[in-house]
Amino acid sequence: MTLPVPILLDGYTSFGGFPLKAKETKKNIPGRPSWEEYFMDITHLIAKRSTCLRRQVGALLVKDKRILATGYNGAPSRLEHCLEVGCLREKQGIPSGERHELCRGLHGEQNAIIQAALHGVEIRGATLYCTNHPCIICSKMLINSGIQRIVYEEGYLDALSGEMLKEAGVKVDKYDRKVQVEPPRAEARGSLRRRVEGRRRKGGKQKAER
């Protein structure tokens, strides 16, 4: 079996996925989220399923605008949730960002990768959208999974993970959630309708002139 050959695009490694274009990361129509905002909003919904007492994380693997797998942090299947038995790290006084192995739970990014593997979903060349920057363990797994881009919203106390992702050629972007005053949905739709009608009138006028 022949594996796809990585291609360097703008200094970053590509495994065949098609990253979002610059215009697709921005909101073009009032009241309608951009693809970037759409996927990041979904990560927050995923995070609500988390059973971690310290931090709720949601992760989403996307390729060519298609959702491949999701994951949130919590204990493995068939084990009691930390919500029920308490936090091992809190009991042992372990600071955030240290001794990741001393934890009953799996991270959201790890669960997303596992879900994809469990169901035979190819994630090479995908983009990870996550509420938080991956830790060093998750970063190493993402690198070896062929993830080509990571979009996160909140930082994480793990400088080594950032260094390794950069060395591996994985593009990392921090999502800037700007507070925008949007018009009501009906008003936004009315504005869109007027723009479409204007284009139609303009197109009809150009045909008449021909």
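Please read all numbers here as calculations on a predicted model, not as lab measurements.

Trainee: When you look at the side chain of Thr131 in this model, what are you seeing that I'm missing?
Mentor: Tracing the chain through its elements places Thr131 in strand β5 (residues 127-132). Of the polar contacts made by the side chain of Thr131, one reaches the side chain of Asn132; its length is 2.8 Å. Here Thr131 is in contact with Thr43, His44, Ala47, Gln56, Val57, Gly58, Glu153 and Glu154, once residues within four sequence places are set aside.

Trainee: What should I look at first to understand the packing of helix α4 (residues 108-118) against helix α5 (residues 136-144) in this one?
Mentor: In helix packing, the relevant descriptors are the interaxial angle and the interaxial distance, both defined with respect to the helix axes. Taken N-terminus to C-terminus, the directions of α4 and α5 make an angle of 30°; their axes are 9 Å apart at the nearest point. In terms of orientation, α4 and α5 fall into the roughly parallel class. With respect to the hand of their crossing, α4 and α5 are arranged in left-handed fashion. The segment α4 lies against α5, with Glu109, Gln110 and Ile113 engaging Ile137, Cys138, Met141 and Leu142.

Trainee: Would you take a moment to explain the pattern of salt bridges for this structure?
Mentor: A pair can form between side chains of opposite charge whenever their charged atoms are brought close. Taken as a whole, this structure holds four salt bridges when the rule is applied. A salt bridge links Arg149 to Glu36; the nearest nitrogen and oxygen atoms lie 2.8 Å apart. Taken together, the positions of Arg149 in strand β6 (residues 149-154) and Glu36 in helix α1 (residues 35-47) put the pair 113 residues apart, joining distant regions of the chain. Judged by its relative accessible area of 6%, Glu36 falls in the buried class. Within the structure, one salt-bridge network assembled from shared partners comprises Glu36, Arg149 and Asp173.

Trainee: Just to check I follow, could you spell out the packing of aromatic side chains for this structure?
Mentor: For the coordinates displayed, the defined rule picks out four aromatic pairs. Judged by centre distance (5.8 Å) and plane angle (80°), the ring pair of Trp35 and Tyr38 falls under edge-to-face. Of this pair, Trp35 and Tyr38 both sit in helix α1, three residues apart, roughly one helical turn. The class for Trp35 is partly exposed, based on a relative accessible area of 31%. Ring plane angle 55° and centroid distance 5.2 Å describe the contact between Tyr38 and Phe39, whose orientation is recorded as tilted. With relative accessibility at 1%, the residue Phe39 sits in the buried group. Taken together, the aromatic side chains of Trp35, Tyr38, Phe39 and Tyr129 make up a single cluster linked through ring pairs.

Trainee: Looking at this model, I keep getting lost on the packing of α5 against helix α6 (residues 159-167). Mind explaining?
Mentor: One can describe the packing of α5 onto α6 by two numbers: an axis separation of 8 Å at closest approach and a directional angle of 15°. It follows from the interaxial angle that α5 and α6 lie roughly parallel. Handedness of the α5/α6 crossing: right-handed. In this structure, α5 contributes Ile136, Ser139, Lys140 and Ile143 to the contact, and α6 contributes Leu160, Ser161, Met164 and Leu165.

Trainee: Explanation requested: a nonpolar patch on the surface in the structure shown.
Mentor: A cluster of nonpolar side chains, namely Trp35, Tyr38 and Ile67, defines an oily patch on the protein surface of about 260 Å² accessible area. Within the element layout of this structure, Ile67 appears in strand β4 (residues 66-72). Residue Ile67 is classed as partly exposed on the basis of its relative accessible area of 41%.

Trainee: Got a minute to help me understand the nonpolar core in this structure?
Mentor: One recurring pattern in soluble globular proteins: nonpolar side chains tend to sit buried together. The biggest cluster of nonpolar side chains holds 16 residues, and the ones touching the most others in it are Leu61, Ile123, Leu128, Leu142, Ile147 and Ile150. Listed by contribution, the elements that provide at least two residues to this core are β3 (58-63), α4 and β5. Among the elements that line this core, the one with the most residues is α4, at three residues. Residue contacts for Leu142: discarding those within four places in its chain leaves Ile113, Leu128, Pro134, Ile147 and Ile150. Counting nine residues, the second-largest nonpolar core is a separate cluster that includes Phe39, Ile46, Tyr129 and Tyr175.

Thresholds, definitions, all that
- Residues numbered from 1 in each chain as written.
- Predicted model: local features only at pLDDT ≥ 70, side-chain atom pairs only at ≥ 80, totals over all residues.
- Heavy atoms only, no water.
- Helix = DSSP H or I, 4+ residues; strand = E, 2+ residues; numbered from the N terminus.
- Polar contact = N/O pair within 3.5 Å; in protein donor to acceptor, adjacent residues only side chain to side chain.
- Contact = heavy atoms within 4.5 Å.
- Axes fitted to C-alpha atoms, helices over the stretch in contact; angles between N-to-C directions.
- Parallel < 35°, antiparallel > 145°, perpendicular 65-115°, else oblique.
- Left-handed = near helix turned anticlockwise from the far one by under 90°.
- Salt bridge = Lys/Arg side-chain N within 4 Å of Asp/Glu carboxyl O.
- Buried < 20%, exposed > 50% of the residue type's maximum accessible area, 1.4 Å probe, protein only.
- Phe/Tyr/Trp six-rings, centres within 6.5 Å; stacked < 30°, edge-to-face > 60°.
- Patch = residues over 30% accessible without salt bridge, like charges linked within 9 Å, V, L, I, M, F, W, Y side chains within 5 Å.
- Areas by Shrake-Rupley, 256 points an atom, 1.4 Å probe, with all protein chains shown as cover.
- Core = buried A, V, L, I, M, F, W, Y, C linked by side-chain atoms within 4.5 Å.

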